[in-house]
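Commentary on secondary and tertiary structure
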Amino acid sequence: MSLLTVKHLTKSYRSGKLAVHDVSFEVNYGECLGLVGESGCGKSTLARCLLRIENIDSGTILLEDQAIEQLREKQLYPHRRKVQIVFQNATAALNPKVKVKDSLVDPYAQYEKDVKLAHFSYTSKDAYVKQLLEAVELPSELADRYPHELSGGQRQRVTIARAVSIEPKLIVLDEPTASLDVISQGAILNLLTELRKTLALSYLFISHDLAAVNQMSQRVMVMKEGKLVDLFNCNQIFAEDRHPYTKELISYFR
């Protein structure tokens, strides 16, 4: 059964640029679906459309079989907690004036009446924050620090903890390791894989790095110039019927 179904999604800008053109795909429960393509191909625009940060020109976005593409903000409210995002730039994603513990509690404070936690428990703010930090392998003493007092890898782990804090159905990972060093990248990818399994999450993992996408995902989509040009299971990555653009990306991957 599909968690997210996208049908013929198209998005253009006032300049006339067609950023996403007739894209269709599904994300299954418990799956990591990878999305790869070069910068400017429409990956991040697609992500913003799925999150309803951007309105679409045409098409359908079904979240648990309910169409959300035309819903107004008040109607969207119960659906927003089901889909969270982790951005590339963790520094920009965290308020520099807010302590880690307050950033982590904020999503729960917004959706408290609608959230029934299955893996975490909110017996107290401190206990809840400690659970979230432990989930992303950070020491609890970081709760009282500000973002600038953390390393880049630690900041990204905090944004991941915040994303999982209300136990969403789907997390959009938009280049989550691009700004990290190689060692931190590997650690974050391993953490995300473990969280997907233990918290029963689904991911849309967006990257220009085919190696990272291949490591994380069960299936991979390839975008070029706003269009979806290839979709395959990871064990089929080197198959002869791959799209020529996919083969070009693979040549760098090898």
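Coordinates for the structure precede this section.
Model, not experiment: these values are computed from the prediction.

What counts, and at which threshold
- Residues numbered from 1 in each chain as written.
- Predicted model: local features only at pLDDT ≥ 70, side-chain atom pairs only at ≥ 80, totals over all residues.
- Heavy atoms only, no water.
- Pairing = 2+ DSSP bridges.
- Helix = DSSP H or I, 4+ residues; strand = E, 2+ residues; numbered from the N terminus.
- Contact = heavy atoms within 4.5 Å.
- Axes fitted to C-alpha atoms, helices over the stretch in contact; angles between N-to-C directions.
- Disulfide = S-S within 2.5 Å.
- Buried < 20%, exposed > 50% of the residue type's maximum accessible area, 1.4 Å probe, protein only.
- Right-handed = clockwise from strand over helix to strand, strands pointing away.

Spatially, β2-β1-β4-β5 is the arrangement adopted by the four strands of the open sheet, whose pairing is antiparallel. Every other strand in the sheet has two partners, leaving β2 (18–28) and β5 (66–67) as the edge strands with one partner each. As paired strands, strand β1 (residues 2–12) and β2 are joined by seven bridges and run antiparallel to one another. From the neighbouring strand, Lys11 faces β2, where its bridge partner is Val20. The strands that helix α1 (residues 43–50) touches are β1, β2 and β4 (58–63); relative to β1, the one it contacts most, it runs at about 120°.

Here we come to the sheet that holds strand β10 (residues 227–233). Reading across the sheet, the six strands line up as β6-β7-β8-β3-β9-β10 and stay open at both edges, with mixed pairing between neighbours. Bordering the open sheet on either side are β6 (83–86) and β10, each of which pairs with just one other strand. Sheet twist, expressed as the mean angle between neighbouring strand axes with direction ignored, is 20°. With five bridges connecting them, strand β3 (residues 32–36) and strand β8 (residues 202–207) associate as parallel partners. Within β8, the residue paired with Cys32 across the bridge is Tyr203. Relative to β8, α1 is tilted by about 150°, and along the sheet it contacts β3, β7 (170–174), β8 and β9 (219–224).

It is worth spelling out the state of the cysteines at this point. Taken as a whole and assessed by the stated rule, the structure comprises zero disulfides. Cys49 provides the cysteine sulfur closest to Cys41, a residue in no disulfide bond, and the two sulfurs are 13 Å apart.

This part covers the pairing of β8. Buried residues dominate β8, accounting for six of its six residues. Of the two faces of β8, the one lined by Ser202, Leu204 and Ile206 and the one lined by Tyr203, Phe205 and Ser207 are each fully buried. Two elements, β7 and β8, share five bridges in a ladder whose sense is parallel. Bridge assignment links Val172 to a residue of β8, and that residue is Leu204. Handedness of the crossover joining β7 and β8 through helix α7 (residues 182–198): right-handed.

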